[in-house]
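Chain by chain, the residues:
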Amino acid sequence: MSDSKIYEPSAEFSSRAHVRSMEERTELYERARANPEHFWAELAQRELSWFRPFAKTLEWEPPFAKWFVGGKINACYNCVDRHLDGPRRNKPALIWEGEPGDQRIITYLELHRLVSRFATVLKRLGFETGERAIIYMPMIPELPIAMLACARLGITHSVVFGGFSSEALKARTQDLNATLVITADGGWRRGKEVRLKTAVDEALEECPDVRAVVVYKRTGSDVPMKAGRDVWWDEQDEQLKDAPQLEQQAEHCESQDLDSEHPLFVLYTSGTTGRPKGILHTTAGYLLQTLMTMKWVFDLREDDVYWCTADIGWVTGHSYIVYGPLAAGATSVMYEGAPDFPAFDRFWQIVEKYRVSIFYTSPTAIRALVRQGERWPEAHDLSSLRLLGSVGEPINPAAWEWYHRVIGKKQCPIVDTWWQTETGAIMISAMPGAVPLKPGSATLPLPGIVLDIVDSKGEVLGANREGYLVIRHPWPSMVRNVWGDPKRFEEQYWRRVPGSYFTGDAARRDTDGYYWVLGRVDDVMNVSGHRLSTMEVESALVHHPAVAEAAVVGKPHEITGQAVCAFVTLKQGDWNVESLGQELRQWVGREIGAFAKPEEIRFADALPKTRSGKIMRRLLREIVTSNSVTGDVTTLEDLSVVTKLASQHDEE
Ligand code: PRX
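Computed from a predicted structure; not experimentally measured.

Caption draft 1: Representation of the overall build of the protein chain in the model. Scanning the protein chain for helices and strands turns up 21 helices and 30 strands. Whereas a compact globule of 652 residues would reach a radius of gyration of roughly 26 Å, the protein chain reaches 25 Å, a difference of no more than 12%. C-alpha atoms of the protein chain, sized along the principal axes, occupy 75 × 65 × 55 Å. Considering only residue pairs separated by 6 or more positions, the protein chain has 70% of its internal contacts joining residues 24 or more positions apart. Here the protein chain displays about 25200 Å² of accessible surface, and carbon together with sulfur accounts for 49% of that area. Here the protein chain contributes 75 positively and 89 negatively charged side chains, and the mean placements of these two sets differ by 2 Å.

Written as structure tokens, this is what we have:
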């Protein structure tokens, strides 16, 4: 809506920003649009440190892109080594706050030492460029250290969020043919230990390719170690001391010269089928765009203390806790625990303690904190903040206004950043010194990003029309492939509108050119900013011996945006429906992870289906949203099923 309230950037903020006015922003955007390859090539030469310059900017054989072809580079070198020659050497790279209150401040020099030592450990264990590692760790500094050590050696990493179950871990380890697993005994979450090594042991029973498991001691709890496979991180590190010469070498472990397109990481994300897909990101293009967005979107300055509250197990943590901030030489805060433990002021306490100046979080976290009231933030000095960010789902204007008023004291611009695991970096966001804000809109595309809104035939739609959001031209940090499944890559993203990237989101552009992202158009739910496929939860449910059929839909939820709602029919048998509901929730937790547990399970005699047998999720969505059914139901097999489901809610 173009008539919504508009927040202009303050003169104070603009005067010191990287991009200071709308004119500057338009000039930059138009320059990129006129000659994208020239635009990106110039930035790549200026902003990245190369071992060998690239010969060609882009090789585009739709849908496969290669950026900065012929160049040799290393992501770890760009995030660590290159900061050691100047004043950044003793600047904090990572400020870490553990859940129980322990803390570590790691300078770039110290990070270099730790990463080099761990890379040496991996080399001594026999791992080489081209292999793949699963990283399954809590939010402790050793997680980015492990990622960077892999990147240093050219080992492709795949971080699996610590909330995923052993089943999910197994599927990812197998799909990737990983040979190495890096983990910890456990981590802390709301005062309880999350046991990680136990899950690894279960997962690896069917992963014969894994040669070694490196275990970091975080909680100190007893874990079984499998002889010949499992080793302790600290013992391996200790062994480097036995040979003094080796110790010196270990601290200067050379980074590998890698191709620009060397696979940096694979991150699994939910698609429209039951099987998650491995999103492949490569080195130079990914690094360039995460770095540029640190400047354009977060307006990074040398003395900023930047905090992104995401978990590194999701793409936000990869791009905006690790690679983007470190490539930019920033001080990046990371926190192990939950926002509400031990109390609802944990975030604000950390902001005050480290004088955080840029704070980036999710609408879910904001809404949860709104509910607790203003006394929690008011108890802390938040005057260090100068910029706020939001990511993961649309932010409702009421939550935006609260964030702006209560946290930002009406002084801090809010960057609402739209992007995806596949895009690697932020695609739509305000440049905060230049672009006036409208609460609820991610505002304008960033330089180099060409967007359109199209209908189901691919025709471009005009202002204020709702349609599919597509990206027109390749960009450096774009997904390169689905690991091991190029066909799926092509079908999923490039078929719907040939030659354009299909985001799977619906959006509208207003008369000022501002984008309003409305949500997914496919069977992907967004729960607390985490992507979850309806089919993934359904296939977990139908594995249970009592379940005949299951249909899952996202239900609007005040805090988490959406919640998982499952409709289930049962096999013949004498089931206790009450205890079965609980059991099925646990079951989904075990199969996928606790965050995927359905909030609501509704038992039904039958599910509404079309004559061809397809479950009509649209109807189920309507039932959970409004408890009524409208629209075309003529293809429905048995309407009484729907009526019964809809009325069931009223009886509860
Ligand atoms: O639907 C969009 C929503 O999150 C999806 C991407 O999820 P994922 O790959 O897990 O990455 C999340 C973090 C980048 C998108 O397709 N989404 C993300 N950011 C926003 C958003 N929806 C609206 N506004 C946003 N700022």
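Next, the rest of the story.
Caption draft 2: Looking closely at helix H14 (residues 363–372). For H14, the set of buried residues is Pro-363, Thr-364, Ala-365, Ile-366, Arg-367 and Leu-369. Looking at the packing, one finds that the buried side of H14 touches helix H13 (346–354), strand S18 (358–361), strand S19 (387–391), helix H16 (397–407) and strand S29 (561–570). The first or second residue beyond H14 is Gly-373, which carries a positive phi of 95°.

Caption draft 3: View of the site of the ligand. Surveying the vicinity of the ligand reveals 17 residues, the closest of which are Asp-416, Thr-417, Thr-421, Arg-520 and Arg-531. Within the side chain of Asp-416, one N or O atom sits 2.8 Å away from a nitrogen atom of the ligand. Separating an oxygen atom of the ligand from a side-chain N or O atom of Arg-520 is a distance of 2.8 Å. The fraction of the free accessible surface of the ligand (540 Å²) that becomes covered by protein chains is 96%. The residue makeup of the shell around the ligand, split by class, is six nonpolar, six polar and five charged.

Caption draft 4: Geometry of the environment of Thr-421. Residue placement: Thr-421 occurs in the loop between strand S20 (414–417) and strand S21 (451–454). When its relative accessible area of 11% is taken as the criterion, Thr-421 is described as buried. On a C-alpha basis, the gap between Thr-421 and Leu-267 in space is 7.7 Å, while along the polypeptide they are 154 residues apart. Excluding residues that lie within four positions of it along the chain, Thr-421 makes contacts with Leu-267, Thr-269, Ile-279, His-281, Val-315 and Arg-531.

Caption draft 5: Structural view of the sheet that holds strand S22 (residues 467–471). Strand order across the open sheet formed by four strands is S21-S22-S24-S25, with antiparallel pairing between neighbours. Edge strands, defined here as strands with exactly one partner in the open sheet, are S21 and strand S25 (515–520). Sheet twist, expressed as the mean angle between neighbouring strand axes with direction ignored, is 45°. Of the pairings in the sheet, the one linking S22 to strand S24 (residues 501–509) comprises four bridges and is antiparallel in character. Paired with Tyr-468 across the two strands is Ala-506, which belongs to S24.

Caption draft 6: Fine view of the packing of helix H6 (residues 142–153) against helix H12 (residues 315–327). Running from N to C, H6 and H12 cross one another at 55°; their axes reach a closest spacing of 11 Å. Taken together, H6 and H12 sit at an angle that is classed as oblique. Like other packed secondary-structure pairs, H6 and H12 cross with a definite hand, here right-handed. Residues Pro-144, Met-147, Leu-148 and Ala-151 of H6 touch H12, and the partners they reach there are His-318, Val-322, Tyr-323 and Leu-326. In terms of residue class, the contact of H6 with H12 is made up of seven nonpolar, one polar and no charged.

Caption draft 7: A look at the packing of aromatic side chains. Going through the model one piece at a time under the given rule, you end up with 40 aromatic pairs. Here the aromatic rings of Tyr-493 and Tyr-501 are separated by 5.3 Å at their centres, their planes lie at 15°, and the arrangement is stacked. The burial state of Tyr-493 is the same as that of Tyr-501; both residues are buried. Between Trp-494 and Tyr-501, the ring centres sit 5.7 Å apart and the planes meet at 65°, which makes this aromatic pair edge-to-face. Put simply, the rings of Trp-60, Phe-64, Trp-475, Phe-489, Tyr-493, Trp-494 and Tyr-501 pair up and form one aromatic cluster. Over the aromatic face of Phe-164 sits the side chain of Arg-172, whose NZ or CZ is 4.2 Å from the ring centroid. Here the basic side chain of Lys-438 rests over the ring of Tyr-514, its NZ or CZ set 4.3 Å away from the ring centre.

Caption draft 8: Examining the pairing of strand S9 (residues 186–189) more closely. In this sheet, strand S10 (residues 192–195) lies alongside S9 in antiparallel orientation, the contact comprising four bridges. Residue pairing for S10: Gly-186 is matched across the bridge by Arg-195. Between S9 and the antiparallel strand that follows it, S10, lie two residues; Arg-190 among them carries a positive phi value of about 50°.

Caption draft 9: Region of interest: the sheet that holds strand S17 (residues 331–335). Read across the open sheet, the seven strands follow the order S5-S4-S17-S16-S18-S19-S20; overall the sheet is mixed. Every interior strand has two partners, whereas the edge strands, strand S5 (103–107) and S20, have only one. Taken over all neighbouring pairs, the strand axes of this sheet differ in orientation by 15° on average, direction set aside.

Caption draft 10: Unusual backbone geometry, seen in detail. Omega for the bond connecting Pro-62 with Pro-63 falls within 30 degrees of zero, at 0°, which places this linkage in the cis form. Of note, Pro-63 is situated in the loop between strand S1 (56–61) and strand S2 (64–69). The amide bond that connects Phe-341 to the next residue, Pro-342, takes the cis arrangement and shows omega of 0°. Of note in this structure, Asn-177 is not a glycine but carries a positive phi near 50°. Its relative accessible area of 39% is what places Asn-177 among the partly exposed residues. A positive phi angle, close to 50°, is found at Arg-190, a residue other than glycine. Locating Arg-190 in the fold gives a position in the loop between S9 and S10.

Thresholds, definitions, all that
All chains use their own residue numbering, which begins from 1 and follows the written sequence. Selection of residues for local features in this predicted model requires a pLDDT of at least 70, selection of side-chain atom pairs for listing and counting requires 80 or more, and totals for whole chains, interfaces and linings are taken over all residues. For the side-chain quantities, the full set of heavy atoms in the structure was used; hydrogens and water were omitted. A run of DSSP states H or I qualifies as a helix once it reaches four residues; a run of E qualifies as a strand once it reaches two. Both are numbered from the N-terminal end. Just to be clear, the radius of gyration here is over C-alpha atoms, and the globule rule we use is 2.2 Å times residues to the power 0.38. Any pair of residues with heavy atoms lying within 4.5 Å of one another is described as a contacting pair. Note on areas: Shrake-Rupley with a 1.4 Å probe; residue coverage comes only from the protein chains shown. Only four residue types enter the tally: Lys and Arg on the positive side, Asp and Glu on the negative side; His and the chain ends are excluded. To locate a charge, the coordinates of NZ of Lys, CZ of Arg, CG of Asp or CD of Glu are taken. The rule is simple: take the accessible area with a 1.4 Å probe, protein chains only, and divide by the maximum for that residue type; under 20% is buried, over 50% is exposed, in between is partly exposed. Throughout, the term near means that a residue has one or more heavy atoms lying within 4 Å of the molecule or strand in question. Think of a polar contact as two N or O atoms within 3.5 Å of one another; within protein, one of them needs to be a possible hydrogen donor and the other a possible acceptor, and neighboring residues in sequence only count if both atoms come from side chains. Residue type decides the class: Asp, Glu, Lys and Arg count as charged, Ala, Val, Leu, Ile, Met, Phe, Trp, Tyr, Cys and Pro as nonpolar, and the leftover types, Gly among them, as polar. Only strands joined by at least two bridges in the DSSP assignment are considered to pair. Axes, fitted as lines to C-alpha atoms, cover a helix only where it is in contact. Angles between the N-to-C directions of the axes lie from 0 to 180 degrees. Here the angle decides the label: under 35 degrees means roughly parallel, over 145 means roughly antiparallel, 65 to 115 means roughly perpendicular, and every other value means oblique. Rotating anticlockwise by less than a right angle from the far helix to the near helix defines a left-handed crossing, while the corresponding clockwise rotation defines a right-handed one. Ring pairs are drawn from Phe, Tyr and Trp, using the six-membered ring of Trp, whenever the two centres fall within 6.5 Å, and their geometry is named by plane angle: stacked under 30 degrees, edge-to-face over 60, tilted for the rest. Put simply, a charge is over a ring when the Lys NZ or the Arg CZ is close to the ring centre, within 6 Å, and near the line of the ring normal, within 35 degrees.

The values reported here are purely geometric and, on their own, carry no functional implication.
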